[in-house]
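Structural overview
Residues per chain, in single letters:
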Amino acid sequence: NAGVTQTPKFQVLKTGQSMTLQCAQDMNHEYMSWYRQDPGMGLRLIHYSVGAGITDQGEVPNGYNVSRSTTEDFPLRLLSAAPSQTSVYFCASRIRIYSNQPQHFGDGTRLSIL
Amino acid sequence: KQEVTQIPAALSVPEGENLVLNCSFTDSAIYNLQWFRQDPGKGLTSLLLIQSSQREQTSGRLNASLDKSSGRSTLYIAASQPGDSATYLCAVAPPTDGNNRKLIWGLGTSLAVNP
């Protein structure tokens, strides 16, 4: 049982490049989400999904796209990378959006945009 | 609007000390409250989750309490060890009958336990 797996762990991009951050979970969780973590700002929700084929915006969605074609996978796409998107990105999952079961996190992707 | 505050931002204690981390929230209408631990360069690990109807949860040397009326939760760590050094975050889940579906996060308390 691997939990939540994120790839890559580190990435450096040039401004304007695009890339996809991968996230997979093997716990059959309905709810998955992407956060970014920046110093002094805490965790901010980018996008989330309550099940395959259903996604919604969080508090900082601009510049990011998501899709959820399967229960297991929830990739995050940066369309045209900007220096302001330099951050640590975390994928998280829990069984349902409203649940008294804990949320599980991946180890993060550290992204630098030059 | 729900806000979550964790004070102090940083704490340094000698090994063996019992300590309390604080989490305050402004709206008592919550679904649950979770405490997480984050080690440097790592993701977050869930420590304890307290449901709205509960007063406390315990796991090993950790005890988390919840007082909704005062908008406070505390995380008690008994007999602290250097391995407890990490950042501790709390997150509040809003009630299910509202429009807000996201967890509200504190900024965390960075704990250093010195040998």
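So, here's what we can say about the structure.

Conventions we followed
Residues numbered from 1 in each chain as written. Chains lettered and ligands numbered in written order. Predicted model: local features only at pLDDT ≥ 70, side-chain atom pairs only at ≥ 80, totals over all residues. Heavy atoms only, no water. Pairing = 2+ DSSP bridges. Helix = DSSP H or I, 4+ residues; strand = E, 2+ residues; numbered from the N terminus. Axes fitted to C-alpha atoms, helices over the stretch in contact; angles between N-to-C directions. Contact = heavy atoms within 4.5 Å. Buried area = accessible area lost by both parts, 1.4 Å probe. Salt bridge = Lys/Arg side-chain N within 4 Å of Asp/Glu carboxyl O.

1. Comments concerning the sheet that holds strand β3 (residues 19-25) of chain B
Residue and element names in this part refer to chain B. The five strands lie next to each other as β1-β3-β8-β7-β6, forming an open sheet whose pairing is antiparallel. Looking at which strands have only one partner, the edges of the open sheet turn out to be β1 (4-5) and β6 (56-59). When strand β7 (residues 62-67) meets strand β8 (residues 72-77), the two strands line up antiparallel, connected through six bridges. Across the sheet, S65 pairs through a bridge with T74, a residue of β8.

2. Some details on the sheet that holds strand β7 (residues 64-66) of chain A
Residues and elements named next belong to chain A. Pairing is antiparallel in the open sheet, where four strands are placed in the order β1-β3-β8-β7. Two strands close off the open sheet at either side, each with one partner strand: β1 (4-7) and β7. Between one strand axis and the next, the sheet turns by 20° as a mean value, whatever way the strands run. Looking at chain direction, β7 and strand β8 (residues 76-78) are connected through three bridges and run antiparallel. Residue V66 lies in a different strand from β8, and its bridge partner there is L76.

3. A few points about the interface of chain A and chain B
In this assembly, 23 residues from chain A lie in contact with 23 residues from chain B. Here chain A packs against chain B, burying approximately 1900 Å² in sum over the two surfaces, 55% of which is carbon and sulfur. By the criterion of area lost to chain B, the three top residues of chain A are A:L43, A:Y98 and A:N100, representing 34% of everything that side buries. The tally of links from chain A across to chain B stands at one salt bridge. Across the salt bridge formed by A:E59 and B:K102, the nearest N and O atoms sit 3.6 Å from each other.

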